[in-house]
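Chain by chain, the residues run as shown.
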Protein chains: 2
Amino acid sequence: MERNLKRRETMHRLHAVGLEVFHTKGYYNTSLDDILTELSLSKGAFYYHFKSKEDYFISIVQNLIVQKVYALLVEPLNEQENPLHAILDSLEKALEPGKSNEMAYGFMLNDFITEFNKRNAEISSYLKDILKVWEVNLVSVLKNGKTDGHIARHIDCEGVATYIIASYLGMRSLLSETNGRQLKYQYLQQLKHYFNSISERQTVA
Amino acid sequence: MERNLKRRETMHRLHAVGLEVFHTKGYYNTSLDDILTELSLSKGAFYYHFKSKEDYFISIVQNLIVQKVYALLVEPLNEQENPLHAILDSLEKALEPGKSNEMAYGFMLNDFITEFNKRNAEISSYLKDILKVWEVNLVSVLKNGKTDGHIARHIDCEGVATYIIASYLGMRSLLSETNGRQLKYQYLQQLKHYFNSISERQTVA
DNA sequence: AAACTAACCGACCAGCTGGTCGGTTTAAGT
DNA sequence: ACTTAAACCGACCAGCTGGTCGGTTAGTTT
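1. Let's talk about the protein's contact with DNA strand C
Part 1 of the reasoning: Close to DNA strand C lie 22 residues; Arg7(A), Tyr48(A), His49(A), Glu2(B) and Lys53(B) are nearest.
Part 2 of the reasoning: In DNA strand C, atoms within 4 Å of the protein come 63% from sugar and phosphate.
Part 3 of the reasoning: A distance of 2.7 Å is found between a phosphate oxygen of DNA strand C and a side-chain nitrogen or oxygen belonging to Thr10(A).
Part 4 of the reasoning: Leu32(B) places a polar main-chain atom, nitrogen or oxygen, 2.9 Å from a phosphate oxygen of DNA strand C.
Part 5 of the reasoning: Mapped onto the surface near DNA strand C, the elements with two or more residues apiece are helix H1 (2-25) and helix H3 (43-49) of chain A together with helix H1 (2-25) and helix H3 (43-49) of chain B.
Part 6 of the reasoning: Its residues assigned to classes, the surface near DNA strand C comprises six nonpolar, eight polar and eight charged.

Dropping the structure here:
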């Protein structure tokens with residue numbers, strides 16, 4: 001069983017460090033050696049575990065990013081009765097800077113989407129599918145909100161979902177350490193205004 | 001005078017084609033030869049006009065992107081009495097796909113900002129400064145809207161500006177040919193809801 | 001303990017990239 | 001006509017990149 005353990009540990013280290021370095025320096029701007037040096041691993045070790053750099057990245061996405069999206073943006077949606085409250089809370093948490101040395105500002109889907117857009121169709125569509133999952137969950141929970149009387153009946157739920165996603169993605173573009181605190185506050189504040197405008201009664205404090 | 005003309009023409013071609021190729025393939029993913037081949041120019045010609053690839057890109061930004069931001073997003077702000085109407089109209093135009101063979105979807109600041117973020121501090125901050133110009137103009141026009149009675153008095157203009165910029169940037173991340181028409185419509189629709197929520201009276205149709 | 005093989009090593013390679021440089025063409029000045 | 005220099009050419013280079021491959025180490029099995 002020692003064998004299997006070693007394998008898992010190495011894979012895990014490659015995933016974790018890979019995600020961090022890819023996100024800070026960008027996929028195309030990061031060489032395998034950058035990562036391997038930091039892990040004290042060799043080329044041989046790498047190509048034993050993955051068949052290419054691309055394969056490696058996709059593996060990271062499947063194992064870490066998908067997970068984060070679910071944990072931060074999908075699962076919290078059903079934890080409150082009022083969907084607008086649930087969405088607000090999830091976004092606030094997702095924009096939270098990581099604790100101390102952890103990766104800052106939740107997850108990094110948007111940066112990767114823009115990096116791969118038009119440069120690598122496969123990875124690009126793969127990443128967009130993740131957004132799609134978020135979207136359908138948003139729409140679903142918004143529609144429930146309609147029947148439960150939290151959201152005005154004339155509202156276009158797909159449109160609202162799109163709008164929320166767009167504003168969130170854009171927000172993450174703007175957030176880069178400096179004055180992040182203030183930006184986040186401003187964003188959530190305005191989002192509340194918006195939510196009030198689509199809500200049945202004024203329930204979003 | 002023939003000399004000066006030639007110079008200007010070559011520079012102009014380098015700028016135009018460079019912007020297009022950099023945007024479609026990404027700065028780091030575009031080699032100088034990609035551009036030079038398309039223009040039937042040599043390395044020598046290039047390095048006669050610019051001192052580096054970076055210098056080249058900055059020159060493009062100064063000559064073309066800054067211009068586009070002003071023309072599409074800043075100048076239209078003062079062309080209507082109600083700032084919210086003016087903003088809506090400018091965003092609608094800025095999200096318009098280019099005519100036929102021209103570059104699609106207005107300008108491309110966001111893609112470049114994400115590409116250079118954390119990879120090239122100088123260019124990155126340069127690009128963010130352009131956004132800053134847009135922001136201050138938005139804030140200014142919003143504040144006027146307050147005194148003119150178009151916007152509710154308790155509204156935080158800086159927050160509104162940030163929010164508009166974020167949603168616009170995010171929207172452009174989502175727009176990549178497929179179903180662009182629908183996305184754009186959804187976005188503008190929800191933006192109107194939001195504008196109604198911060199407007200003094202319900203004036204945004 | 002011998003045989004097997006998962007896990008890893010690291011020298012090496014071909015291809016591409018930004019950048020250099022000595023030379024050539026051609027318009028402008030005298 | 002002759003000189004000067006702006007504008008351009010294209011062969012060349014060093015450095016880096018993703019990827020290969022023959023070999024080594026060490027856990028597992030028999």
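2. Overview of the environment of Phe57(A)
Residue and element names in this part refer to chain A.
Part 1 of the reasoning: Within the element layout of this structure, Phe57 appears in helix H4 (residues 53-74).
Part 2 of the reasoning: With 42 residues separating them in the primary sequence, Phe57 and His15 have C-alpha atoms 8.4 Å apart.
Part 3 of the reasoning: Residues within four places of Phe57 in sequence aside, it is in contact with Phe22, Tyr27, Phe112, Phe116 and Ile123.

3. Quick look at unusual backbone geometry
All names here are of chain A.
Part 1 of the reasoning: A positive phi angle, close to 55 degrees, is found at Ser40, a residue other than glycine.
Part 2 of the reasoning: Checked against the element boundaries, Ser40 lands in the loop between helix H2 (32-39) and H3.
Part 3 of the reasoning: For Ser40, a relative accessible area of 67% puts it in the exposed group.

4. Quick word on the interface of chain A and chain B
How big an interface is tends to be reported as the loss of accessible area on association of its parts.
Part 1 of the reasoning: Facing 40 residues of chain A, the contacting portion of chain B comprises 40 residues.
Part 2 of the reasoning: Note on chain A versus chain B: buried area summed over both sides is about 3,400 Å², and carbon and sulfur give 58% of it.
Part 3 of the reasoning: Three residues, Arg119(A), Tyr163(A) and Gln190(A), lead the burial of chain A against chain B; their summed loss comes to 20% of the area buried on that side.
Part 4 of the reasoning: Linking chain A to chain B there are two salt bridges.
Part 5 of the reasoning: With a shortest N-O distance of 3.8 Å, Arg119(B) and Glu115(A) are connected by a salt bridge.
Part 6 of the reasoning: Here chain A and chain B share 10 residue pairs in polar contact (both at pLDDT 80 or more) between them.
Part 7 of the reasoning: When residues of the side of chain A that touches chain B are traced back to their parent elements, those giving at least two are H1, helix H6 (109-116), helix H7 (121-147), helix H8 (157-174) and helix H9 (180-198) of chain A.

5. Observations regarding the protein's contact with DNA strand D
Part 1 of the reasoning: If you check the shell around DNA strand D, you find 22 residues, and the closest are Glu2(A), Lys53(A), Arg7(B), Tyr48(B) and His49(B).
Part 2 of the reasoning: Of everything in DNA strand D that lies within 4 Å of the protein, sugar and phosphate atoms constitute 61%.
Part 3 of the reasoning: Note that a phosphate oxygen of DNA strand D is positioned 3.3 Å from one of the backbone N or O atoms of Thr30(A).
Part 4 of the reasoning: Interatomic distance of 2.9 Å between a side-chain N/O atom of Lys43(A) and a base oxygen of DNA strand D.
Part 5 of the reasoning: Where the surface near DNA strand D is concerned, the elements lending two or more residues are H1 and H3 of chain A together with H1 and H3 of chain B.
Part 6 of the reasoning: With five residues, the top contributor of residues to the surface near DNA strand D is H3(B).
Part 7 of the reasoning: Looking at the surface near DNA strand D residue by residue, the class counts come to six nonpolar, eight polar and eight charged.

6. Structural notes on the packing of H8(A) against H9(A)
Residues and elements named next belong to chain A.
Part 1 of the reasoning: Interaxial distance between H8 and H9 falls to 11 Å at its minimum, and their mutual angle equals 170 degrees. Classified by the interaxial angle, the pair formed by H8 and H9 is roughly antiparallel. Packed against H8, whose contacting residues are Val160, Tyr163, Ile164, Ser167, Tyr168, Met171 and Leu174, the element H9 presents Leu183, Lys184, Tyr187, Leu191, Tyr194, Phe195 and Ile198 at the interface.
Part 2 of the reasoning: Split into classes, the residues belonging to the contact of H8 with H9 amount to 12 nonpolar, one polar and one charged.

Analysis parameters
- Residues numbered from 1 in each chain as written.
- Chains lettered and ligands numbered in written order.
- Predicted model: local features only at pLDDT ≥ 70, side-chain atom pairs only at ≥ 80, totals over all residues.
- Heavy atoms only, no water.
- Near = heavy atom within 4 Å.
- Polar contact = N/O pair within 3.5 Å; in protein donor to acceptor, adjacent residues only side chain to side chain.
- Helix = DSSP H or I, 4+ residues; strand = E, 2+ residues; numbered from the N terminus.
- Nonpolar A, V, L, I, M, F, W, Y, C, P; charged D, E, K, R; others polar.
- Contact = heavy atoms within 4.5 Å.
- Buried < 20%, exposed > 50% of the residue type's maximum accessible area, 1.4 Å probe, protein only.
- Buried area = accessible area lost by both parts, 1.4 Å probe.
- Salt bridge = Lys/Arg side-chain N within 4 Å of Asp/Glu carboxyl O.
- Axes fitted to C-alpha atoms, helices over the stretch in contact; angles between N-to-C directions.
- Parallel < 35°, antiparallel > 145°, perpendicular 65-115°, else oblique.

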